[in-house]
Amino acid sequence: MKTFETKNVRNFALMGHSASGKTILADALLLLGGEINRIGSISEGSTTSDYSNDEIERQISIKTSLMHYEMNGIKCNILDTPGYMDFVGEVMSAAKVVENTLVAVNSTSGIEVGTEFAWNYVNNFDTTALIAMTMLDKEHTQFDKIVDTVRDRFSNRIYPVQIPVNAGPAFDSVIDLLKRKLLVFDSKGSYKEESVPAHLQDKFDTMYEELVEMVAESDDTLLERFFETGELTEDELKSGLKKAILEKNIFPLICLSSEKKVGVSRLMEIINDYYPDPSAKGSWKAVKDNKPLEIPVDETGVTALFVYKTVHEQHVGDTSYFKVVSGSLKVGDELKNPFTNGNERFGSIYLLNGKHRKEVSEIKAGDLGVAVKLKNTMTNHTLLNSKDTWTFEEIKYPEPVIRVAVEAAAKGDEEKIGTGLTQVQAEDPTFHFIVDSELKQTIVSGMGEIHLDISLKKISQRFNVEILQIQPRIPYRETIRKTATARYRHKKQSGGAGQFGEVELRIEPLPRGTGIEFVSELVGMNVDRAFVPSIEKGVRQACENGPLSGNKVIDVKAAVFDGKQHPVDSKDIAFQIAGRGAFRDAFEKADPILLEPIYEIEITIPEDYMGDVMGDISSRRGKVLGMDSDGHFQVIKAEVPLANLYKYSNTLRSICQGRGYHRRKFSHYEYVPREIQDKIVADYLKEREEGH
Ligand SMILES: Nc1nc2c(ncn2[C@@H]2O[C@H](COP(=O)(O)OP(=O)(O)O)[C@@H](O)[C@H]2O)c(=O)[nH]1
Ligand SMILES: [Mg+2]
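Residues numbered from 1 in each chain as written. Chains lettered and ligands numbered in written order. Predicted model: local features only at pLDDT ≥ 70, side-chain atom pairs only at ≥ 80, totals over all residues.

K.L.:
Can you help me understand the overall build of the protein chain in this one?
P.N.:
For the protein chain, the count of helices and strands is 16 helices and 38 strands. Its C-alpha atoms give the protein chain principal-axis dimensions of roughly 110 × 60 × 50 Å. Burial analysis of the protein chain (692 residues in total) assigns 46% to the buried set. Contacts in the protein chain between residues far apart in sequence, at least 24 positions, make up 72% of those at least 6 positions apart. (Helix = DSSP H or I, 4+ residues; strand = E, 2+ residues; numbered from the N terminus. Buried ≥ 20, exposed ≤ 12 C-beta atoms within 10 Å, placed from the backbone. Contact = placed C-beta atoms within 7 Å.)

Right under this line is the structure:
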């Protein structure tokens, strides 16, 4: 396989809602690019992109696959991203390394949540965009209507450069505004050019003029020419459109049926002719000693790689997906990782088509490749061929949205599961785990239930262990609502060394978020001041393990004001015990209550599901704070107790048929309703009796 110069590379991420035809489109591109012999099938699990067992089983993409083809000397890298919100991390990794995004829009269902997301990536990652209306061979397509909504909702700079003819099962041709011809596709995906059919001439003329005007308006010199002559030459239109695409003044919309291979070969030409190579967008942001730095995408520059994805594959080891941002990477090169300060040697470098690897000798700036078994390099790392120490700006992955506690099904497997969790966390920046000492549980968190299911299954398979998912304990808190005092005597004077300490203290409620305050108001010499720290220690111990339910106590002030000591038997431990005892006794008299964590959640859903979602929130003891509309979506803000958010994304998925998602963050602690408190306290006492 040869090496491609920067100007002969195109990088495209395929994005869109799930089932918008991205994965089949990738196969259609590879077929016409001569990489594969036939388009695979989702139901048979035979596509190039969705090759992993989980993808075949679930019939959805769950990771970004890297593929490529070559046409007319230009190599196009295709990154097929998953449409499910659970895998946003995969989409962000892809978005970081491409200059161009193809947003797939299903021509029967139009804009969905995933389409909105894709459009956000186009904006946030500053890529060019190509909108592809897919599956135009299906019954009940709605090209015109969807074009209107897409322009209305996303940008009126989106403009169709093609018009479908015979959309539906007989779909075989499109009018191409750039070629000013009707393109009629055969069953192999090649096309013949014919003149625009008479009955569509008027529509074509109107749209062509509008396109020419848009192109002219995006450039001052062109606009001047346009005013003089009232038109643009073919060359002017071409170079003008190319520039407008790069500058994001125009986002062309094209027509496809990947299954019938209609429009695919023309898409490949449009990619080659109109979309920018990796250098056109300029430089990459980097940092050196906290100062920003710009690294031009230039094959003659110093060699610098950015690792955007790491996958652990059994029998292969870690595969690092990288972009050569600058310079050129050759087999045998040794690069430095400024993050670890270690060196990495590239014994082999590969291009990928899904799981198939092709060995290459060199990869130049702008192009993508993979390497296996790098020693210490992870996602977001920079590798440099220099003594320099700068690093590329990292991908900022979103915070996890859901959590679950995990346990080994069989005793003795804990260690293997721990190793697995560490491995998966290293591979996937959106997967996290902690061993929570307060809850005494291992808590894993991620972007959605499918994400966690798949991540845990990976560990089960790699280590041959069974992992149970259970509901995480809720970090309740205890506090008081009244002031109370108590006196407690600890006395142990039979046999051995005696212990004596007596403490009287007062406790008072404090405002939320204050924590625990301890003061000494001792007067006189009843208690030696040397024992005050012992009393405080006892109080703080009592607060770690609250009297009601064993949860932490918060927002209480404790003031010790009297006590008694014994000339011989008073010692540190005795006053600790007395402090703890006095605190617990006072606590019971001070109208104690449980607090529960309340989360603020933001739910984005299509309007139709508003009623159902709101009803569900109130059944979870949630409070709606407000609503906002965002296009055709509604954004609901609400406060819901964490105890009622377990597996909430599953619930939302089933209410909204996969078209909604939510984000959450901790908000504050609030009183638990009486009947729920009684149950928690009863469970705690029962557990304690059983000796847990
Ligand atoms: N009729 C028709 N079906 C298609 C076409 N492209 C994809 N599909 C089907 O639509 C479903 C989703 O396609 P897929 O490529 O997995 O979508 P993705 O989730 O966006 O990757 C699958 O059942 C495909 O077979 C097409 O051009 N025409
Ligand atoms: Mg897919």
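K.L.:
Is there a simple way to think about the site of ligand 1 in this case?
P.N.:
As a matter of local geometry, ligand 1 sits amid 19 residues, with G21, K22, T23, I24 and E259 nearest to it. In terms of residue count, the dominant contributor to the shell around ligand 1 is helix α1 (residues 22-32) (three residues). Residues belonging to the shell around ligand 1 are distributed by class as follows: five nonpolar, 10 polar and four charged. (Near = placed C-beta within 6 Å. Nonpolar A, V, L, I, M, F, W, Y, C, P; charged D, E, K, R; others polar.)

K.L.:
What am I meant to see in the sheet that holds strand β5 (residues 128-134) here?
P.N.:
Within a beta sheet, neighbouring strands are joined by backbone hydrogen bonds and run either parallel or antiparallel to one another. Spatially, the seven strands line up as an open sheet ordered β2-β3-β1-β4-β5-β11-β6, and their pairing is mixed. The open sheet has two free edges, formed respectively by β2 (65-71) and β6 (158-160), since each of these has just one partner strand. Mean inter-strand twist for the sheet, computed between neighbouring axes without regard to direction, equals 25°. In this sheet, strand β11 (residues 251-255) lies alongside β5 in parallel orientation, the contact comprising three bridges. When the sheet's bridge partners are listed, M133 is paired in β11 with C255. (Pairing = 2+ DSSP bridges. Axes fitted to C-alpha atoms, helices over the stretch in contact; angles between N-to-C directions.)

K.L.:
Would you mind showing me how to read the domain arrangement of the protein chain here?
P.N.:
Size of an interface, as often reported, equals the accessible area lost when the parts are brought together. Looking at the protein chain, the domain boundaries give domain 1 (8-173 + 249-274), domain 2 (285-392), domain 3 (402-468), domain 4 (477-590) and domain 5 (594-675). For domain 1 versus domain 4, the distance between C-alpha centres works out to 67 Å. (Domains from an automatic or database assignment.)

K.L.:
How do you make sense of the pairing of strand β25 (residues 402-408) when you look at a structure like this?
P.N.:
In summary, the side chains of a regular strand alternate between the two faces of the sheet. Pairing analysis gives five bridges linking β25 to strand β27 (residues 441-446), with the strands arranged antiparallel. Looking at β27, one finds that I402 is bridged to G446. Where β25 meets strand β28 (residues 467-470), four bridges bridge the pair, whose relative direction is antiparallel. Directly across from E407, in β28, lies its bridge partner L468.

K.L.:
For this particular structure, what's the right way to read the pairing of strand β1 (residues 9-15)?
P.N.:
Within β1, seven of the seven residues are buried, which leaves the element mostly enclosed by the surrounding structure. Burial of the side chains of β1 extends over both faces: V9, N11, A13 and M15 are buried on one face and R10, F12 and L14 on the other. Direction of pairing for β1 relative to strand β3 (residues 74-80): parallel, over a ladder of six bridges. In the strand pairing of β3, A13 is matched with L79. In terms of strand pairing, β1 meets strand β4 (residues 100-106) through four bridges, oriented parallel. Following the sheet pairing, M15 is matched in β4 by V103.

K.L.:
Help me understand the environment of A95, please; the structure alone is not making it clear to me.
P.N.:
Secondary-structure assignment places A95 in helix α3 (residues 88-97). On the basis of neighbour counts, which here come to 25 C-beta atoms within 10 Å, the residue A95 falls in the buried class. In this structure the C-alpha to C-alpha distance between A95 and Y308, which are 213 residues apart in sequence, comes to 9.6 Å. Other than its neighbours up to four places away in sequence, A95 contacts A13, Y121, F125 and T127.

K.L.:
Just checking my understanding: could you explain the sheet that holds β25 for this structure?
P.N.:
One open sheet accounts for four strands, arranged β26-β27-β25-β28; its pairing is antiparallel. Unpaired on one side and paired on the other, β26 (432-436) and β28 mark the two borders of the sheet. In this sheet, adjacent strand axes meet at a mean angle of 35° when their direction is disregarded.

K.L.:
Can you walk me through the packing of α1 against helix α9 (residues 264-274) in this structure?
P.N.:
Each pair of packed helices can be described by the angle between their axes along with the distance between the axes. Where α1 meets α9, the axes come as close as 10 Å, and the angle between the chain directions of the two elements is 80°. Our classification of the angle between α1 and α9 gives roughly perpendicular. Contacts between α1 and α9 involve A28, L29 and L32 on the former and, on the latter, V264, S265 and M268. In the contact of α1 with α9, the residues fall into five nonpolar, one polar and no charged. (Parallel < 35°, antiparallel > 145°, perpendicular 65-115°, else oblique.)

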